[in-house]
Structures are given as structure tokens and as C-alpha cells.
Amino acid sequence: MDRNKCVGCAKLSPEVESEFTLVGPQVGWRISRTQSDDGLYVIEWRCPDCWKRFREQKASPSKGAGVFGSMPPTPPKPAPRGGR
Ligand SMILES: [Zn+2]
């Protein structure tokens, strides 16, 4: 199969038998599909390092993805009155 290139660091994927091996736990590459401006789907490969960074970026509220106050409101617990 063709070797894929990481979109983050341009590293080439290791030579494996199939993409299933590549995304498996031993190799740990990840695919993500994004839609380009043309409406075409683009496959992006990431090596484990770049995938980790990518995920952390996505999870970070500082990126301004419209997520604010990500903590759900916790209902106040009734204070235990100490038995009798
Ligand atoms: Zn990479």
C-alpha cells in the first residue's frame, strides 16, 4: 500500500500491511476526515504525537470553538444533618 504522510510533521507512516495495522494499537496513527472549502472530503493522517497534540488543541477552550464554561452545573447536595 502507499505510505501516508502525517499532516502535522510530514513524517511518513511506517510500512504496514494495511491501514488497519496503521491505526491499530501498535502503530497508533489516526485518520481524520475534514471537509475542504470545495465540499470535498480530505483524509488527514496523523502520527501518534501529532494526534495527541491535535486532540489537546481541540479540547482546549482557548481555541475559541464556542465552548465556554465547560463545567456542567452541579446541583447542590443537601447537607447531611448528622443523623438524629
Ligand atoms: Zn506527525
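See above for the structure.
Residues numbered from 1 in each chain as written. Predicted model: local features only at pLDDT ≥ 70, side-chain atom pairs only at ≥ 80, totals over all residues.

Draft legend 1. Up close: the overall build of the protein. Along the backbone of the protein there are two helices and two strands. Sequence-ordered secondary structure for the protein, helices as α and strands as β, is α-β-β-α. Summarising the internal contacts of the protein: among those between residues at least 6 apart in sequence, 32% fall at separations of at least 24. (Helix = DSSP H or I, 4+ residues; strand = E, 2+ residues; numbered from the N terminus. Contact = placed C-beta atoms within 7 Å.)

Draft legend 2. Layout of the pairing of strand 1 (residues 30-35). Taking burial as the measure, the six residues of strand 1 include zero buried ones, a minor fraction of the element. Taken together, the six bridges between strand 1 and strand 2 (residues 41-46) define a ladder with antiparallel strand orientation. Its bridge partner being in strand 2, Thr-34 is matched across the sheet by Val-42. What sits between strand 1 and strand 2 in their antiparallel hairpin is a turn of five residues, with Gly-39 showing a positive phi close to 85°. (Buried ≥ 20, exposed ≤ 12 C-beta atoms within 10 Å, placed from the backbone. Pairing = 2+ DSSP bridges.)

Draft legend 3. Representation of the environment of Val-42. As for its position among the elements, Val-42 is in strand 2. Taking the C-alpha atoms as reference points, Val-42 and Ser-32, 10 residues apart in sequence, are found 8.3 Å from one another. Excluding residues that lie within four positions of it along the chain, Val-42 makes contacts with Thr-34 and Ser-36.

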